[in-house]
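Structural overview for review
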Amino acid sequence: MKRRALLLTLAAAPAALALQGRMPAHAAGDIGGLVPDERRNQSRVFAQLLEAAASERRPVELPAGDFRISGIRLPEGTVLSGVPGATRLVQDGQDSRFLFAEALERLTLRDIILETDGGPLGDDGQGALDLRGVRDLTLENIGIRNSARHGLYAERCGGRIAGCGISGAADAGIWAVDSEGLSITGNSIADCGNGGILVHRWEKGADNTLVSGNRVSGIRARDGGTGENGNGINIFRAAGVIVSANHVSDCAFSAIRANAATNVQITGNQCLRSGETAIYSEFGFEGAIVSDNLIDAAANGIIICNFNEGGRLSTVTGNIVRNLSEKGPYFHDGAGFGFGIAVEADTVVSGNVIENAPKWGLMLGWGPYMRDVVASGNVIRKAGGGCAVTVVEESGAAIITDNVFSEVRDGAVLGYRWNDKVTGDLAAEGAERFSHLTIFGNRLA
C-alpha cells in the first residue's frame, strides 16, 4: 500500500508543477518585483516591468493594491490593466509628471485608479495622465482623482476614452487638444475646478471628436471669467464635433458651450441647473444643429450668436427649455439673462417649448445683427414677453409664424432697439408694420 501511494504521488507531480507554472507572477505577492501595498516608491521597478513587457509584446496585469510611483513614461505598445476598483497607482514624488506618453502608435490602459492627492506635476505635466501624440489610444474604466491640473490631458490623440471616472481635478476633467478621430463616451466627470470635458484646437480646423453618453456634474469656475471657465462640455475651434446624449448638471456657466465650432451637433442632452446659458454656439462658426435637448434651470436657455464675428447658419428644433432666471454669474451689459432661445443669423427656430422665461421666450436678433431668421411652430408659456425681435435699422429679415404664446405678460411679439422696447404687440390686429418682419398666424392664449 505504501508503494502504491508513492507511485500515485509521483504520477501527480508533473501536473502540479505544470499548474504552478501557469500561476500569475503575483500569486506570491508581487509581479516582476513589484509589490502591492509597499510603502516605498517603486517607480524604477514599475518602469522596468513596463519596458520588458512592451518589448515582448505582452500585457501587464496588476493585482489589487496600491503602487507608489512617479515620473513613469509609458512605452510603445503598453497594455496595462488592473483589478477594477482595487488597483491604485499612487503619485509619490514632487515636481514630476505622474504617468505620461509621447509619440506612440498604440497604448491601452484598463481598470486602474490614478490617485494624485493634488501633488504637483512638474513644469511639463498638464494632467495626472499626460498623453501626447498617441494615435490609437484605449482608456477604459480608468479613475483619476484630485489632479493638481487636468485629470487627463490628451493632445493629438485618436482612439477612445470610455467608462472612465475623473473627479476633483483643479482644472478640467478631460482636456483633449487637436484630436484625431477621438471618442469620449460613457465617462463620469465630477467636481472639477474649471471645466468638465474640453475639446479644443490650437487653430481652427476639423476635429471630428464624438462626445456622447457622458455624465458631467459639479463644474466650478475657479479662475473666473465670463464663460471661458465653468462649462460642462466646451468645444473651441474644433469643427465637426458631435455632442449627444450627455447628462450635464450644476455647472457654473454652460452645460455645453461651443465657441468658433463649425458644423457642431448638440443633440439629445440633459442640461440641468446651469449658472449662465445652458447651451451656447457663439463667435466665428458656420453650421450648428441644436436639437432635442432638455434644459431645466439656467439663466438663459439656448443662444446662437455673434453674427458680428461670423456666427451663422443653424437650426434650433425640438428643445424643451424651462425655469430660467434673470440672475447670472456676472453683470451683463447686453441683453442680460432670463430668456429662452436667442438667435441672430440664417437660423430656423421650430418646434421648441419654452416655459417660465422671466424676460423673453424668444429673442431674434440684437441691434442690426439679424438676417434670415424663421421662428415657427414654437410654444412659449409664462414669459415676460413672448418674442423680442430687433427693429433697429439695417437688421435683416425674420418670419414669425404659427407660434402659440400663453401667459406672456407684455405681449406676443415685441419690437426692440437693443434693450429698449419701442413697439406694442406686433402680432395684434392693426399693429405697426416693419418691412423686414413677416408676422402672421400666431396665437395669443
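Being a predicted model, the structure only gives us computed values, none of them experimental. Along every chain, residues carry numbers that run from 1 in the direction the sequence is written. Where totals are concerned, whole chains, interfaces and linings use all residues; where local detail is concerned, this predicted model gives features only for residues with pLDDT of at least 70, and gives and counts side-chain atom pairs only at 80 or more. Here the side-chain values reflect all heavy atoms present in the structure, with hydrogen atoms and water set aside.

So, on to the packing of aromatic side chains. Centres within 6.5 Å make a pair out of two Phe, Tyr or Trp rings, where for Trp the six-membered ring is used; the pair is then stacked when the planes are under 30 degrees apart, edge-to-face when over 60, and tilted otherwise. Enumeration over the complete set of coordinates arrives at seven aromatic pairs. Measuring from centroid to centroid gives 4.9 Å for tryptophan 360 and tyrosine 416, while their planes differ by 70°, and the two rings are edge-to-face. With tryptophan 360 in strand S31 (residues 353-364) and tyrosine 416 in strand S36 (residues 413-417), this pair connects stretches of sequence that are 56 residues apart. By the burial criterion, tryptophan 360 is buried, and tyrosine 416 matches it. Placement of a charge over a ring requires the Lys NZ or Arg CZ to be within 6 Å of the ring centre, with the centre-to-atom vector within 35 degrees of the ring normal. When the ring centre of phenylalanine 100 is taken as origin, the NZ or CZ atom of arginine 97, which lies over that ring, is 4.0 Å away. Numbered from the N terminus, helices here are DSSP runs of H or I no shorter than four residues, and strands are runs of E no shorter than two. Each residue gets one of three labels from its accessible area relative to the maximum for its type: buried under 20%, exposed over 50%, partly exposed in between, using a 1.4 Å probe on protein chains only.

The phi dihedral of alanine 260 is positive, around 55°, even though this residue is not glycine. Within the secondary structure layout, alanine 260 lies in the loop between strand S20 (256-259) and strand S21 (264-267). Taking relative accessible area as the criterion, alanine 260 reaches 10% and is therefore assigned buried. Positive phi is not limited to glycine here, since aspartate 292 has a value of about 60°.

Below, the discussion takes up the nonpolar core. Considering soluble globular proteins, one finds that nonpolar side chains tend to be buried as a cluster. By nonpolar core is meant a set of buried Ala, Val, Leu, Ile, Met, Phe, Trp, Tyr and Cys residues that side-chain atoms within 4.5 Å join together. Of all hydrophobic cores here, the largest spans 100 residues; its most connected members are Leu62, Leu74, Leu89, Leu129, Leu131 and Leu139. With eight residues, strand S7 (residues 127-145) is the single largest residue contributor to this core. Contacts of leucine 129, omitting those with residues within four sequence positions, involve Leu74, Leu99, Leu109, Leu114, Leu139, Ile144, Gly151, Leu152 and Tyr153. Of all hydrophobic cores here, the second largest spans twelve residues; its members include Phe339, Trp360, Met363 and Leu414. Contacts are residue-level and defined by heavy atoms, with any inter-residue pair within 4.5 Å sufficient.

Another point: the environment of isoleucine 197. With respect to the element layout, isoleucine 197 can be found in strand S14 (residues 195-206). Judged by its relative accessible area of 0%, isoleucine 197 falls in the buried class. Here isoleucine 197 is in contact with Ile174, Ile184, Ile189, Val211, Asn214, Val216, Gly232, Ile233 and Asn234, once residues within four sequence places are set aside.

What follows covers the pairing of strand S17 (residues 231-239). The element S17 is largely enclosed, with a buried count of seven among its nine residues. With seven bridges joining them, S14 and S17 adopt parallel strand pairing. In the sheet register, alanine 206 faces S17, and the bridge partner there is alanine 239. Here, strands pair whenever DSSP counts at least two bridges between them.

Time to look at the state of the cysteines. Pairs of cysteine sulfur atoms within 2.5 Å are identified as disulfides in what follows. Scanning the model with the defined rule gives zero disulfides in all. With no disulfide partner, cysteine 192 has as its closest neighbouring cysteine sulfur the one in cysteine 251, 10.0 Å distant. Residue class for cysteine 192 comes out buried when judged on its relative accessible area of 0%. The structure places no disulfide on cysteine 387, whose sulfur is separated from the nearest cysteine sulfur, that of cysteine 305, by 17 Å. What makes cysteine 387 buried here is its relative accessible area of 0%.

What follows concerns the confidence of the model for the protein. For every residue, the predictor assigns a confidence score, pLDDT, that lies between 0 and 100. Across the protein, the average pLDDT comes to 93, with 93% of residues at 70 or higher. This stretch, residues 1-29, has a pLDDT under 50; its non-local contacts, to residues over four places away or in other chains, come to nine contacts.

Right, let's talk about the pattern of salt bridges for a bit. Here, a salt bridge means any Lys or Arg side-chain nitrogen found within 4 Å of an Asp or Glu carboxyl oxygen. A complete count under the given rule lists 31 salt bridges for this structure. Between glutamate 155 and arginine 156 there is a salt bridge, with its nearest N and O atoms 3.3 Å apart. Owing to a relative accessible area of 11%, glutamate 155 belongs among the buried residues under this scheme. Classification of arginine 156 by relative accessible area gives partly exposed; the value is 36%. One salt bridge in this structure joins arginine 312 and aspartate 346, with 2.7 Å as the shortest N-O distance. Remark: aspartate 346 occurs in strand S30 (residues 345-350) and arginine 312 occurs in strand S27 (residues 312-317); sequence separation between them is 34 residues. Residue classification places arginine 312 among the partly exposed positions, given a relative accessible area of 22%. Among the charged side chains, a salt-bridge network with shared partners connects Arg73, Arg97, Glu102, Asp130 and Arg132.

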